[in-house]
Amino acid sequence: MRSVRIAEMLAALSLTTDLAAGVPFEKGLRTCVVATVFAESMLGADPVTLRVVFETALLRSIGCTSFAPELAAIFGDDVAFQAALKTLDPGDEAMFAAQLRDFGHWAGADAPRLARTLVEVLPTVGVEAMRSGCEAGRALGGGLGLRPDSIRALDDVYERWDGRGIPDGRAGDDLSLATRVIHLAEQAVLAHAVGGVTGAVSEIRRRGGRHLDPHLVEVFCADPGAALAPLEHPDAIAAVLAAEPVPHITVAFDALPRLCAVLARLVDL
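The rules behind the values
Along each chain, residues carry numbers from 1 onward, in the same order as the chain's sequence is written. Local features are withheld for residues below a pLDDT of 70 in this predicted model, meaning they are given only at 70 or higher, and side-chain atom pairs are given and counted only at 80 or more; totals for whole chains, interfaces and linings count all residues. Heavy atoms throughout the structure, all of them, feed into the side-chain values; hydrogens and water do not. Labels follow the DSSP assignment, with helices taken as runs of H or I lasting at least four residues and strands as runs of E lasting at least two, numbered in each case from the N terminus. In this setup the radius of gyration rests on C-alpha atoms only. A globule is expected at 2.2 Å times the number of residues raised to 0.38. Relative accessibility thresholds used throughout: buried, under 20% of the residue-type maximum; exposed, over 50%; partly exposed, between the two (1.4 Å probe, protein chains only). The contact rule is simple, with two residues in contact once any of their heavy atoms fall within 4.5 Å. The Shrake-Rupley method, run with a 1.4 Å probe, gives the accessible areas here. Residue values count only the displayed protein chains as cover. Two residue types count as positive, namely Lys and Arg, and two as negative, namely Asp and Glu; His and chain ends fall outside the count. Just so you know, the charge point we use is NZ for Lys, CZ for Arg, CG for Asp and CD for Glu. A fitted line through C-alpha atoms represents every axis, and for helices the fit uses only the stretch in contact; the resulting angles, taken between N-to-C directions, go from 0 to 180 degrees. Orientation is classified from the angle alone, with under 35 degrees giving roughly parallel, over 145 giving roughly antiparallel, 65 to 115 giving roughly perpendicular, and any other angle giving oblique. By definition, turning the near helix anticlockwise from the far helix through less than a right angle yields a left-handed crossing, and turning it clockwise yields a right-handed one. Residues are grouped as follows: nonpolar covers Ala, Val, Leu, Ile, Met, Phe, Trp, Tyr, Cys and Pro; charged covers Asp, Glu, Lys and Arg; every other residue, Gly included, is treated as polar. Any Lys or Arg side-chain nitrogen found within 4 Å of a carboxyl oxygen on Asp or Glu counts as a salt bridge. Any Phe, Tyr or Trp ring, taking Trp's six-membered ring, that has another such ring centre within 6.5 Å forms a pair; planes under 30 degrees apart are called stacked, those over 60 apart edge-to-face, and the others tilted. Here, a charge over a ring means that NZ of Lys or CZ of Arg falls within 6 Å of the ring centre while also lying within 35 degrees of the ring normal. Remark: nonpolar core denotes a set of buried residues (Ala, Val, Leu, Ile, Met, Phe, Trp, Tyr, Cys) joined through side-chain atoms within 4.5 Å.

Undergrad: Any details on the overall build of the protein? Residues and values, ideally.
TA: On a plain count of helices and strands, the protein comes out with 13 helices and two strands. For the protein, the C-alpha radius of gyration of 18 Å lies close to 18 Å, the compact-globule estimate for 269 residues. When the backbone C-alpha atoms are referred to their principal axes, the protein occupies close to 60 × 45 × 35 Å. Looking at the protein as a whole, 53% of its 269 residues qualify as buried. Partitioning the contacts of the protein with sequence separation of at least 6, the portion at a separation of at least 24 is 68%. Put simply, the protein shows about 11,700 Å² of open surface, and 58% of that area lies on carbon and sulfur atoms. Across the protein, the centroid of the 24 positively charged side chains sits 1 Å from that of the 35 negatively charged ones.

Set out below in structure tokens:
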């Protein structure tokens with residue numbers, strides 16, 4: 001019987017979310033493949049951890065648009081806000097101050113007010129937005145039959161190694177290994193898009209011990225070319241499908257109506 005690979009469906013959804021979140025196109029796919037290859041070839045992760053890394057990385061950004069109306073009401077442009085949020089680093093005071101000076105540039109003369117608003121509402125609205133996005137990801141993952149530990153790992157995607165993340169301020173080894181790997185991969189992919197391998201190494205080192213697990217940072221920086229090699233693949237979807245751990249997650253083709261119903265609920269967001 002013909003079957004459908006769930007990874008193909010998640011990869012397609014990831015592309016639409018990239019467009020709605022103001023990040024470089026294929027960021028979600030690139031983060032997934034870098035995280036998976038890094039976990040497998042540089043960390044020697046066990047099969048379960050590898051599967052969780054892969055699934056959580058694909059789910060990680062798909063629900064990000066679920067809070068878009070509220071963010072647009074507060075910051076004027078939810079897409080520009082999402083793009084700025086991905087690189088903010090409140091754990092580095094000097095860097096955060098510089099980032100705040102540029103924050104809200106899309107609003108022209110109103111930018112300083114938006115920067116002040118960000119600082120004021122991040123502990124409350126930020127948590128609400130995170131929970132909304134993760135709720136969407138959990139619903140999607142459960143409906144598609146992904147691992148329960150992959151869905152649980154979504155709770156850590158906005159946490160940080162230094163405990164200055166949201167919603168619970170968990171820190172260090174209390175964060176799942178999968179999300180610590182994904183944090184590193186996402187920042188490496190974003191920095192690589194701007195400054196290549198050199199830029200990625202610089203940004204990853206800067207965030208080490210604050211945003212990122214310092215051990216993972218050292219492993220990455222020991223051979224950044226190997227960690228970022230998947231970005232050279234000309235077809236990001238093909239790279240993700242090649243990186244998916246076996247056995248691949250599939251559903252029978254006659255279950256397509258059920259899958260469409262799951263996707264329809266997400267698309268409404």
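So that's the structure; there's more coming.
Undergrad: An account of the packing of helix α3 (residues 47-59) against helix α9 (residues 177-207) is requested, with residue identities and associated values reported.
TA: Contact geometry of α3 with α9 gives a least axis separation of 9 Å together with a crossing angle of 50°. The angle between α3 and α9 falls in the class oblique. Where α3 crosses over α9, the handedness of that crossing is right-handed. Two secondary-structure elements touch here, α3 through T49, V52, V53, T56 and A57 and α9 through L177, A178, T179, V181 and I182.

Undergrad: I'd like to hear about the packing of helix α2 (residues 27-42) against α9, residue by residue, with values.
TA: Two elements in contact, α2 and α9, have axes whose closest approach is 8 Å; the angle formed by their N-to-C orientations is 125°. As summarised for this structure, α2 and α9 are arranged oblique, according to the angle between their axes. In this structure, α2 crosses over α9, and the sense of that crossing is right-handed. Residues K27, R30, T31, V34, A35, F38 and A39 of α2 touch α9, and the partners they reach there are V181, I182, A185, E186, V189 and L190. Along the lines of polarity and charge, the residues of the contact of α2 with α9 split into nine nonpolar, one polar and three charged.

Undergrad: Can you tell me about the pattern of salt bridges, naming the residues and giving the values?
TA: By the definition in use, this model includes 20 salt bridges. One salt bridge connects R206 with D89, and the closest N-O pair in it is separated by 3.0 Å. Residue R206 is found in helix α9, and its partner D89 is found in the loop between α5 (78-85) and α6 (93-102); the two are separated by 117 residues along the sequence. For the pair formed by R206 and D89, the shared burial category is buried. For R207, the salt bridge identified is with E203, shortest N-O distance 2.6 Å. Of this pair, R207 and E203 are both found in helix α9, four residues apart, which corresponds to roughly one turn of the helix. With respect to burial, R207 and E203 carry one shared label: buried.

Undergrad: With reference to specific residues and values, describe the packing of aromatic side chains.
TA: Here a ring pair, both rings aromatic, is described through the centre-centre distance and the interplanar angle of the planes. With the rule as written, the count across this model stands at four aromatic pairs. Summarising the aromatic geometry, the rings of F75 and F103 are spaced 5.9 Å apart at their centres and angled 85° between planes, so their arrangement reads as edge-to-face. Separated by 28 residues along the polypeptide, F75 in helix α4 (residues 68-75) and F103 in the loop between α6 and α7 (111-143) bring together distant segments of the chain. With relative accessibility at 2%, the residue F75 sits in the buried group. We classify F103 as buried; its relative accessible area is 3%. The positively charged end of R2 is found above the aromatic ring belonging to F253, 4.3 Å away from the centroid. Just above the ring of Y158 sits the side chain of R60; from NZ or CZ to the centre is 5.0 Å.

Undergrad: Could you give an account of the nonpolar core, naming the residues involved and the relevant values?
TA: Counting 65 residues, the largest nonpolar core has I6, L10, L140, I204 and F220 as its most contacted members. When residues of this core are assigned to their parent elements, the largest contribution, eleven residues, is made by α9. Leaving out residues up to four positions away in the same chain, F220 has contacts with F38, M42, L184, A188, A200, V201, I204, A227 and L228. In this structure, F67, A84, L88 and F96 belong to the second largest nonpolar core, which totals 13 residues.

Undergrad: Quick rundown of unusual backbone geometry? Include the residues and the values.
TA: Peptide bonds are, in most cases, trans, and in most cases residues other than glycine have a negative phi. Cis geometry is adopted by the peptide bond preceding P167, which originates at I166 and carries an omega value of 10°. By the element assignment, P167 lies in the loop between α8 (148-152) and α9. Although it is not a glycine, E26 adopts a positive phi angle of roughly 75°. Tracing the sequence through the fold places E26 in the loop between α1 (6-21) and α2.

Undergrad: Run through the side chain of T179, naming residues and quoting values.
TA: With respect to the helices, strands and loops of the structure, T179 is situated in helix α9. If near-sequence neighbours (up to four positions away) are discounted, T179 is found in contact with T56, A153, D156 and V157.

Undergrad: Just give me the short version of the environment of L13, but keep the residues and values in it.
TA: Considering the arrangement of structural elements, one finds L13 in helix α1. For the pair L13 and S132, spaced 119 residues apart in sequence, the C-alpha separation works out to 17 Å. Residues contacting L13, with those up to four places away along its chain left out, are I62, L140, L263 and L266.

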